[in-house]
Amino acid sequence: MTDYIRAGSPASSTPSPADGYVGDPAVRAEWDNRYADRQQLWSGRPNGALVAEVAGLTPGRVLDVGCGEGADAVWLARGGWDVTALEVSGVALERAAGHARDAGVTVRWVHAALTAAALPPASFDLVSAQYPALLRTPHAAAERALLAAVAPGGVLLLVHHAGMDNQQADDSGCDPADYVWPSMVAALLSDDWEVEVDEQRPRVAPDGGAGAHHTDDLVLRARRLR
């Protein structure tokens, strides 16, 4: 049921909140509301850690997990990558598809939760998850979905805000303990993987946009050997 939509197709094919979505409707509604509250939620520029880590990679097939308004997806497509971009918010996908059309690039948009998307297994040369809001489950479904998408020889790049994993729930009810952090993914890596980067570093943050106040990143980069 996953809905693949190419930017540049007719307007009637542009993603919408009810267009082929696969996942928890409550999660979709939450993120649609967040995006609808602002004309632009993020900076519109690619994430600094992604730019740094992808610099030495040969373009191939990439999965952009939680693509938001599409800045990373568009940047990757401009760099020669064959991009599949996944997002739960239809509002965000509409904006992302518009940015891709304006940039003259093609992106395959998937309106789904990571754990519900019918993605081809072991088929992406790069799986990029930049500050993803992936909910934890008892069986580590999101963590395993990230790993399962990477092709042999491919790279998983997971970047998150440092320090948040140790914070307490805030007044809005958001509890960091409910979400997946890089250490949880690293703990699942077997001998089939080689960890190339696992560190905290100063964040190279685009100006503006939500989350701009965070100063440090957790960066996990692992290559699937077989």
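Conventions used here
Residue indices follow the written sequence of each chain, beginning from 1 at its first position. Selection of residues for local features in this predicted model requires a pLDDT of at least 70, selection of side-chain atom pairs for listing and counting requires 80 or more, and totals for whole chains, interfaces and linings are taken over all residues. Hydrogens and water molecules were not included; the side-chain quantities draw on all heavy atoms of the structure. We count a stretch as a helix when DSSP gives it H or I for four or more residues in a row; a strand needs E for two or more, and each element gets its number in order from the N terminus. Residues are treated as being in contact if the distance between any of their heavy atoms lies within 4.5 Å. Each accessible area is a Shrake-Rupley result for a 1.4 Å probe, and residues are judged covered by the shown protein chains and nothing else. Only Phe, Tyr and Trp rings are paired, with Trp represented by its six-membered ring, and only when their centres lie within 6.5 Å; those with planes under 30 degrees apart are stacked, over 60 edge-to-face, the remainder tilted. Throughout this description, the term charge over a ring refers to an Arg CZ or Lys NZ atom that lies within 6 Å of the ring centre and within 35 degrees of the ring normal. The cut-offs for exposure are 20% and 50% of the maximum accessible area for each residue type, with area from a 1.4 Å probe on protein chains only; residues under the lower value are buried, those over the upper are exposed, and the others partly exposed. Expected helix span is given by 1.5 Å per residue-to-residue step, counting one fewer step than there are residues. Relevant arc is that of directions from the helix axis to the C-beta atoms, nothing else. Definition of a polar contact: a pair of N or O atoms within 3.5 Å, with one able to donate and the other able to accept a hydrogen when the atoms are protein atoms, and with sequence-neighbouring residues admitted only if both atoms are side-chain atoms.

**What to know about the overall build of the protein chain**
Across its full length, the protein chain carries six helices and eight strands. Across the protein chain, contacts joining residues at least 24 apart in sequence account for 74% of those joining residues at least 6 apart. A total accessible area of about 10,500 Å² is found for the protein chain, and carbon and sulfur atoms account for 49% of it.

**Some points on the packing of aromatic side chains**
Within the structure shown, the criterion is met by one aromatic pair. Consider the rings of Trp31 and Tyr35, whose centres lie 6.3 Å apart with planes at 45 degrees: the pair is tilted. Of this pair, Trp31 and Tyr35 both sit in helix H1 (residues 25-36), four residues apart, roughly one helical turn. Across the ring face of Trp31, the terminal group of Arg34 is positioned such that the distance to the ring centre comes to 4.2 Å. Note that Arg61 overlies the ring of Phe124, its terminal NZ or CZ placed 4.9 Å from the centroid.

**With respect to unusual backbone geometry**
A negative phi holds for most residues other than glycine; trans holds for most peptide bonds. One non-glycine residue, Ala122, lies in the positive phi region at around 50 degrees. In this structure Ala122 comes out as partly exposed when scored by relative accessible area, which is 31%. A positive phi angle is found at Ala140, which is not glycine, with a value near 55 degrees. Residue placement: Ala140 occurs in the loop between strand S5 (124-130) and helix H5 (141-149). Of the residues examined, Ala140 reaches a relative accessible area of 12% and is grouped as buried.

**A few points about the environment of Leu158**
In this structure, Leu158 sits in strand S6 (residues 150-161). When the C-alpha atoms of Leu158 and Val185 are compared, they prove to be 8.7 Å apart, with 27 residues separating the residues in sequence. Leu158 has contacts with Ala129, Pro132, Trp181, Pro182, Val185, Leu218, Val219 and Leu220, leaving out every residue within four places of it along the chain.

**Quick look at H1**
Spanning 12 residues, H1 covers 16 Å between terminal C-alpha atoms, matching the ideal 16 Å at 1.5 Å per step. Considered for burial, the residues of H1 that qualify are Trp31, Asp32 and Tyr35. Down the axis of H1, the buried side of the element spans an arc of 105 degrees, and every buried residue falls inside it. On its buried face, H1 sits against strand S3 (82-87) and helix H4 (90-103). Where H1 begins, the capping side chain belongs to Asp24, and its oxygen is found 2.9 Å from the backbone nitrogen of Ala26.

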